[in-house]
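Chain by chain, the residues:
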Amino acid sequence: MSQSNLRTMGQQFGRRSWAEPWKIKTVEPLRMTTQEQRETALTGAGYNTFLLKSEDVYIDLLTDSGTSAMSDRQWAGMMMGDEAYAGSRNFYNLESAVQTYYGYKHMVPTHQGRGAEHLISQCVIKKGQVIPGNMYFTTTRLHQELAGGTFVDVIIDEAHDPQSTHPFKGNVDLEKLEGIIKRQGAPNIAYVSLAGTVNMAGGQPVSMANVKALRAMCDRYGVKIFLDATRMVENAFFIQEREDGYAGKTIAEILKEFCGYTDGAWMSAKKDSLVNIGGE
Ligand SMILES: Cc1ncc(COP(=O)(O)O)c(C=O)c1O
């Protein structure tokens, strides 16, 4: 690789050692709590982890969201942010990264993923419409239903079976989906809500074969597909590892091919994109 092609920090530093090739320079002190304080906090929250105050949590197992440390270059990038009232160059950087890696032409930045879910739901869902999806995600379903839609689960049965070793437990069950389209009528389907990987199924991936077949079915009925691309880089990794014909393709190629079968997407940038806040 020539010097000018060394894009990532790993490439620039000739990385690939057994140890992490970075230092973590920032610490955030945590409040130490007693068992009694934790029990009081838990009962006060009705055992709902979403209602716990983060300052009461010592070990947070709720999510991987926004938990990665940002690099010195990411922080430096923020210091060089263009605060222009219109036409900020940082918008164009982000837009071109989304176009290059995900392939979508238009992009609206949001404060985090749920802001993007809200925008898409309000724009696309008409009251009374159905949104079939490969298992619900909390904030996604909330915004779909606030917009007047009803979510229906169409994930394959293996996703509900922890003993199953199916390699793509996030796949859409095309028979279940077709049954819903026929029962409801295609105009009553707002879109298919496809998530790769599937958070509530333990991060299970969707295969390329499945999204291709889904595209073909949706084209037959004139139904759109919107993708929750929050962990699509990770999904591309699983395809590279597990699906015939993809071992020799790069993650970037797989990601772009997968997104190419969908009509649009939203994402939380707080997971795969390793930033502490953001979405589009
Ligand atoms: C699959 C998925 N979609 C959407 C979201 C919502 O994103 P955010 O937390 O950035 O609002 C999350 C994260 O919590 C998620 O895991």
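Here, the structure is the one placed above.
Residues numbered from 1 in each chain as written. Predicted model: local features only at pLDDT ≥ 70, side-chain atom pairs only at ≥ 80, totals over all residues. Heavy atoms only, no water.

**Let's talk about the side chain of Thr 139**
Then step 1. In this fold, Thr 139 is placed in helix 6 (residues 138-146).
Then step 2. Note on Thr 139: relative accessible area 15%, which makes it buried.
Then step 3. Apart from residues lying up to four places away in sequence, Thr 139 is in contact with Arg 114 and Glu 117. (Helix = DSSP H or I, 4+ residues; strand = E, 2+ residues; numbered from the N terminus. Buried < 20%, exposed > 50% of the residue type's maximum accessible area, 1.4 Å probe, protein only. Contact = heavy atoms within 4.5 Å.)

**Structural notes on the packing of helix 5 (residues 113-124) against helix 6**
Then step 1. Between helix 5 and helix 6, the least distance of the axes is 9 Å, while the angle of their chain directions is 30°. When the axis of helix 5 is compared with that of helix 6, the two are roughly parallel. In this structure, helix 5 meets helix 6 at a crossing whose hand is right-handed. Contacts between helix 5 and helix 6 involve Arg 114, Glu 117, His 118, Ser 121 and Gln 122 from the first element and Thr 139, Thr 140, His 143, Gln 144 and Leu 146 from the second. (Axes fitted to C-alpha atoms, helices over the stretch in contact; angles between N-to-C directions. Parallel < 35°, antiparallel > 145°, perpendicular 65-115°, else oblique. Left-handed = near helix turned anticlockwise from the far one by under 90°.)

**Description of helix 10 (residues 251-260)**
Then step 1. Of all the residues in helix 10, the buried ones are Ile 254, Leu 255, Phe 258 and Cys 259. In an axial view of helix 10, the angular spread of the buried residues amounts to 125°, which keeps them on one side of the axis.
Then step 2. Along its buried surface, helix 10 packs onto helix 4 (89-101), strand 3 (192-195), helix 8 (208-221), strand 4 (225-228) and helix 9 (232-242). (Arc of directions from axis to C-beta.)

**Topic: unusual backbone geometry**
Then step 1. The omega torsion of the bond from Gly 196 to Thr 197 falls at -10°, within 30 degrees of zero and hence cis.
Then step 2. Considering the arrangement of structural elements, one finds Thr 197 in the loop between strand 3 and helix 8.
Then step 3. In this structure, Met 135 takes a positive phi of about 75° despite not being glycine.
Then step 4. Here Met 135 is to be found in the loop between strand 1 (130-133) and helix 6.
Then step 5. On the accessibility criterion, Met 135 (12% relative accessible area) is buried.

In short, the description is geometric, and any link to function would need to be established separately.
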